[in-house]
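# A look at the structure
This is what each chain is made of:
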Amino acid sequence: MNHFSFLQRSDRKALVVILVILLMAFVAFMFIEDNSSESVIRNQDSTFVTSEQYASKDKRNDSYTYYNEEKKKAELFPFDPNTADSTELLRLGLSPRLVLNIYKYRHNGGIFRQPSDFARIYGLTAGQYKTLKPYIRISDDYRPASEIYANEIDKDIVVRDTTRYPLKLKQGEKIDLNTADTTLLKRVPGIGSAFARQIEYRRKKLGGFYSTSQLMEITGFPEESLSYFTISSPVKQKLKINKATLSELTRHPYIGFYQAKTIIDHRRLHGPIKSLDDLKLYKDFPPEVIERLKHYVDY
């Protein structure tokens, strides 16, 4: 208190006001804490009851703690799981989560082709499937076509039997390797659809064949089939070796990248190529390469 007397009058007044405010705040806090013990709880009818009233009422009934929703009874009726909408699926007693799984299955391309496919839906219980199985109706549009049109397919196979298995050439018969289409190529013994397509593809890339032995460059080609081929027409398309670009040169099956680059460099340093003999001095052009290329280049 001795220190209090040394303060100026204005400071003493300010200190007193602060102490009064603190005292009032303490009293108010104690009053609020006493009243908070009697908590107020809102029930479902939007009325207010005290905690004691709530506790006593909760002993009588649980209307304030639980809400019992009356479940809708499931309706059983014929349905197609491929086309049924959410309203129909919910009427059948399926939960919203199961309905969502069915929609996801159909959205990802899933099709119910038979009733047992419906059992694959994630979350569907065995009891639910047994209940719904008698009511599942799969439209013919979603059934396997082989089940519906099996008889027609068998008839079609019989009618087209001669085209599926073409008559093969007899010994001594020959076809032109540069003009035969895939249908005629498949008549050669040992040649099926795969080899016929490869022959046609390689003939197009080369511009034509100059020898039947070139067919042996196709992996696995049956050597016994060579005797059924002949070449009566020349190579139709040749490569302009002095005008072709690097890309055009490398597209030819018999010219690799380094060989094409050598041709480009030779033309740049020595001028146009007059004969393939001009390339004999390069290591990338051994005699066998020169022999093959001479049938396909023009100057």
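### Some points on the overall build of the chain
Helix and strand content of the chain: 14 helices and six strands. Relative to its 299 residues, the chain shows a buried fraction of 27%. In the chain, the share of contacts with a sequence separation of at least 24, taken over all contacts with a separation of at least 6, comes to 48%. For the chain, the computed accessible surface area is about 21500 Å², with 55% contributed by carbon and sulfur atoms.

### Notes on the nonpolar core
Among the nonpolar cores identified, the biggest contains 36 residues, and Ile-199, Leu-215, Phe-221, Phe-229 and Leu-279 are the most heavily contacted of them. Sort the elements by how many residues they give to this core and helix α11 (residues 193–206) lands first, with four residues. With near-sequence residues (within four places) excluded, Phe-229 lies in contact with Lys-174, Ile-175, Leu-177, Leu-185, Val-188, Ile-199, Thr-212, Leu-215 and Phe-221. Counting 17 residues, the second-largest nonpolar core is a separate cluster that includes Ala-84, Leu-89, Leu-98 and Tyr-129.

### Considerations on the pattern of salt bridges
Side-chain pairing between opposite charges can occur once the charged atoms of the two side chains come close. Scanning all chains against the criterion turns up eight salt bridges. A salt bridge links Arg-202 to Glu-217, with the nearest nitrogen and oxygen atoms 2.8 Å apart. Linking Arg-202 in helix α11 with Glu-217 in the loop between α11 and β4 (229–230), this pair joins segments that are 15 residues apart in sequence. What makes Glu-217 partly exposed here is its relative accessible area of 33%. Two residues, Arg-268 and Asp-265, come together in a salt bridge whose shortest N-O distance is 3.3 Å. Of this pair, Arg-268 and Asp-265 both sit in helix α13 (residues 257–270), three residues apart, roughly one helical turn.

### Focus: the packing of aromatic side chains
All told, the structure shown has seven aromatic pairs when counted by the stated rule. Aromatic pair Phe-79 and Phe-118: ring centres 5.8 Å apart, planes at 70 degrees, arrangement edge-to-face. Taken together, the residues span a long stretch of sequence, with Phe-79 in the loop between α3 (51–60) and α4 (86–91) and Phe-118 in the loop between α5 (96–107) and α6 (126–132) at a distance of 39 residues. The burial state of Phe-79 is the same as that of Phe-118; both residues are buried. Judged by centre distance (5.8 Å) and plane angle (65 degrees), the rings of Tyr-210 and Tyr-296 are edge-to-face. With Tyr-210 in the loop between α11 and β4 and Tyr-296 in the loop between α14 (287–293) and β6 (297–298), this residue pair connects regions lying 86 residues apart in the sequence. Given the relative accessible area of 29%, Tyr-210 is considered partly exposed.

Cut-offs and rules
- The written sequence of each chain sets the order in which its residues are numbered from 1.
- This being a predicted model, a pLDDT of at least 70 is required before a residue's local features are given, and a value of 80 or more before pairs of side-chain atoms are given or counted; all residues contribute to the totals for chains, interfaces and linings.
- Working from all heavy atoms in the structure, the side-chain values ignore hydrogens and water.
- Secondary structure counts use DSSP, requiring at least four H or I residues in a row for a helix and at least two E residues in a row for a strand, with both numbered from the N terminus.
- Between buried and exposed lies partly exposed: a residue is buried under 20% and exposed over 50% of the maximum accessible area for its type, with that area taken using a 1.4 Å probe on protein chains only.
- Contacts were defined at the residue level, with two residues in contact if any of their heavy atoms lie within 4.5 Å.
- The protein chains shown are the only cover counted for residues, whose accessible areas, like all others here, come from Shrake-Rupley with a 1.4 Å probe.
- Buried Ala, Val, Leu, Ile, Met, Phe, Trp, Tyr and Cys residues form a nonpolar core when they are joined through side-chain atoms within 4.5 Å.
- By definition here, a salt bridge exists when the distance from a side-chain nitrogen of Lys or Arg to a carboxyl oxygen of Asp or Glu is within 4 Å.
- Aromatic pairs are defined between Phe, Tyr and Trp rings, using the six-membered ring for Trp, whenever the two ring centres lie within 6.5 Å; interplanar angles under 30 degrees are classed as stacked, those over 60 as edge-to-face, and all others as tilted.

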